[in-house]
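# Descriptive structure summary
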Amino acid sequence: MKNIYLIFLTAIILSACSNKKELSVDEILATSDIGIINSKKVEIDTELEKLTTSLNKLNSKLNSLNKDKNTPLITTFKAQEQVFDHFIELQGNVQTKQNVLVYPEVPGILKKVFVKEGQQVVKDQLLAIIDDGGLSQQVLLLEANEQLAKTTFERQKRLWDQKIGSEMQFLQAKTSYSSQKNATNQLKQQLGKFTINAPFSGIIDDVFKEKGTVVAPGQGAEIFRIINLSEMYIETDVPENYITSITKDKMVEVNFPILGETFNSTIRQVGNFINPSNRSFKIEVGVSNLEGKIKPNLTAKLKLNDYTNQHAILIPQSIISENAKGQQFIYIVKDKKENNLAVAERLVIETGKTQGDFIEVIKNLTSDTEIIMEGARSVKDGQTVKVLTIESETND
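Residues numbered from 1 in each chain as written. Predicted model: local features only at pLDDT ≥ 70, side-chain atom pairs only at ≥ 80, totals over all residues. Heavy atoms only, no water.

The final tally for this structure, using the stated rule, is 5 aromatic pairs. With 6.1 Å between their ring centres and 70 degrees between their planes, phenylalanine 84 and tyrosine 307 make a pair best called edge-to-face. Separated by 223 residues along the polypeptide, phenylalanine 84 in strand E2 (residues 81-95) and tyrosine 307 in strand E15 (residues 299-316) bring together distant segments of the chain. The exposure class assigned to phenylalanine 84 is buried, which follows from its relative accessible area of 3%. (Phe/Tyr/Trp six-rings, centres within 6.5 Å; stacked < 30°, edge-to-face > 60°. Helix = DSSP H or I, 4+ residues; strand = E, 2+ residues; numbered from the N terminus. Buried < 20%, exposed > 50% of the residue type's maximum accessible area, 1.4 Å probe, protein only.)

Here it is in structure tokens:
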């Protein structure tokens, strides 16, 4: 009976030991017990040695099975012909040829002003009148004298046609009428300077003088500013090296950053003078302003097409290298086999214009040539490589 109790007690102790939770490394460190910590270290070292031995065996087996372990892995793409439009970007300012200040031609008091700021006017519309100081009364007197001279001349002419009277009387009447008519016309022209009319159709942008103001010709005497916003253009300077490629009627993409608007236009005029200070010539790009948002001196960004190649081959600039002679080269693949193994070959090229991240190749590269993309800077001429993927296009 005593032995049965002993066996039962031993089983309970063993069960308690087996259910005891294993301490973590942090918990072991928290005990600060050298014996426990050292025991855990020995346990981990033993496990690490077993894992290292197993890992070395796996690597050894993989190395023996992988025959292409030293073959560089690359990606390629095929060169394709495409339309290449090259653009230059310039900045210009909006201008209008119909933006003028209206000045008085004669001195006097501003008698009436018929328009206000923001008002739409048409060409020759009456804008204001300057007091003529009695000049209109003089015109009426001269007109009366002219009418009398005309009547006298007509009577004398009838008599002369009937061979009545002397030739001298007829000539005197004719001369008097002509002189009186000229005097009246001159005074009318002078009187016309006391009325101010719109030089063209547009908008009264500013009224500088009020009714009753004394005005006179000269600097600072402007009365109105008139602007026509429907006939506008953008003016910019183009470097002289583009003189053969930037020509009249070429398409231009116009962007107004402040307005957030972009549209297409054309070059309507190309200057014939090279500015010696900055070696550039001026161009004008027509602007439609139907909604009236565009104002003079507004900044615009222009994209001008200076070059087009219908059969261009473009490649990323990042894959191009340069040798000691300054020659540019890329790597292509040759002798490609079924298992995607091929030979890398260095190809010296000549390049043209760039657009973004791509550059035009103008010599030594033909369509459908397979070019190394990823890994282009790590391979060597004549080295065996393995192609992973083939890109279909380089630039959309």
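This brings us to the sheet that holds strand E9 (residues 214-215). With antiparallel pairing, the 4 strands of this open sheet are ordered in space as E7-E6-E4-E9. Bordering the open sheet on either side are strand E7 (195-197) and E9, each of which pairs with just one other strand. Sheet topology note: the strand E4 (residues 108-113)/strand E6 (residues 126-130) ladder contains 3 bridges and is antiparallel. Across the sheet, residue leucine 110 finds its bridge partner in E6, namely isoleucine 130. (Pairing = 2+ DSSP bridges.)

The subject of this paragraph is helix H5 (residues 167-192). With 26 residues, H5 should reach 38 Å at 1.5 Å per residue; the first-to-last C-alpha distance of 38 Å fits that figure. Listed as buried for H5 are Phe170, Ala173, Tyr177, Gln180, Thr184 and Leu187. On its buried face, H5 sits against helix H4 (135-161). (Expected span 1.5 Å × (residues − 1). Contact = heavy atoms within 4.5 Å.)

Here we come to the sheet that holds strand E3 (residues 99-102). Taking strand neighbours across the sheet as the criterion, the 4 strands line up as E3-E10-E8-E5 in an open arrangement whose pairing is antiparallel. Of all strands in the sheet, those with a lone pairing partner are E3 and strand E5 (120-121), marking the two edges. Where E5 lies against strand E8 (residues 202-207), 2 bridges are found, and the strand directions are antiparallel. Bridged to valine 121 within E8 is glycine 202.

All right, on to unusual backbone geometry then. A positive phi is found at aspartate 124, a non-glycine position, where the angle reads about 70 degrees. Examined against the element boundaries, aspartate 124 turns out to sit in the loop between E5 and E6. Although it is not a glycine, asparagine 340 sits at a positive phi angle of roughly 70 degrees. In this structure, asparagine 340 sits in the loop between strand E17 (328-334) and strand E18 (341-355).

This part takes up the nonpolar core. Counting residues in each nonpolar core, the largest one holds 25 residues, and the members touching the most others are Ile315, Ile319, Ile330, Leu365, Ile371 and Ile372. Where this core is concerned, the elements lending two or more residues are strand E1 (73-78), E15, E17, E18, strand E19 (358-363), strand E20 (370-372) and strand E21 (384-391). Here this core takes 5 residues from E17, the largest share from any one element. With sequence-adjacent residues up to four places away left out, isoleucine 315 is seen in contact with Phe77, Ile320, Ile330, Ile349, Asp357, Phe358, Ile359, Val361, Leu365 and Ile371. Grouped together as the second largest cluster of nonpolar side chains are 23 residues, Leu90, Val238, Val285 and Leu302 included. (Core = buried A, V, L, I, M, F, W, Y, C linked by side-chain atoms within 4.5 Å.)

We now examine the side chain of lysine 40. By the secondary structure assignment, lysine 40 is in helix H3 (residues 34-65). Setting aside its immediate chain neighbours within four residues, lysine 40 contacts Glu22, Leu23, Val25 and Ile28.

Quick look at the side chain of threonine 369 now. The topology assignment puts threonine 369 in the loop between E19 and E20. Of the polar contacts made by the side chain of threonine 369, one reaches the backbone oxygen of threonine 366; its length is 2.9 Å. Not counting the four nearest positions on each side in its chain, threonine 369 is found in contact with Phe77, Lys78, Ala79 and Ile332. (Polar contact = N/O pair within 3.5 Å; in protein donor to acceptor, adjacent residues only side chain to side chain.)

Per the stated rule, a full pass over the model turns up 13 salt bridges. Of the charged contacts, one joins lysine 41 and aspartate 45 as a salt bridge, the two residues approaching to 3.0 Å between their closest N and O atoms. With lysine 41 and aspartate 45 both in helix H3, this residue pair falls 4 residues apart, about one helical turn. With its nearest N and O atoms 3.4 Å apart, the salt bridge here joins lysine 157 to aspartate 161. In this pair, lysine 157 and aspartate 161 both sit in helix H4, 4 residues apart, roughly one turn of the helix. Residues joined in a network through salt bridges with shared partners are Lys97, Arg268 and Glu284. (Salt bridge = Lys/Arg side-chain N within 4 Å of Asp/Glu carboxyl O.)

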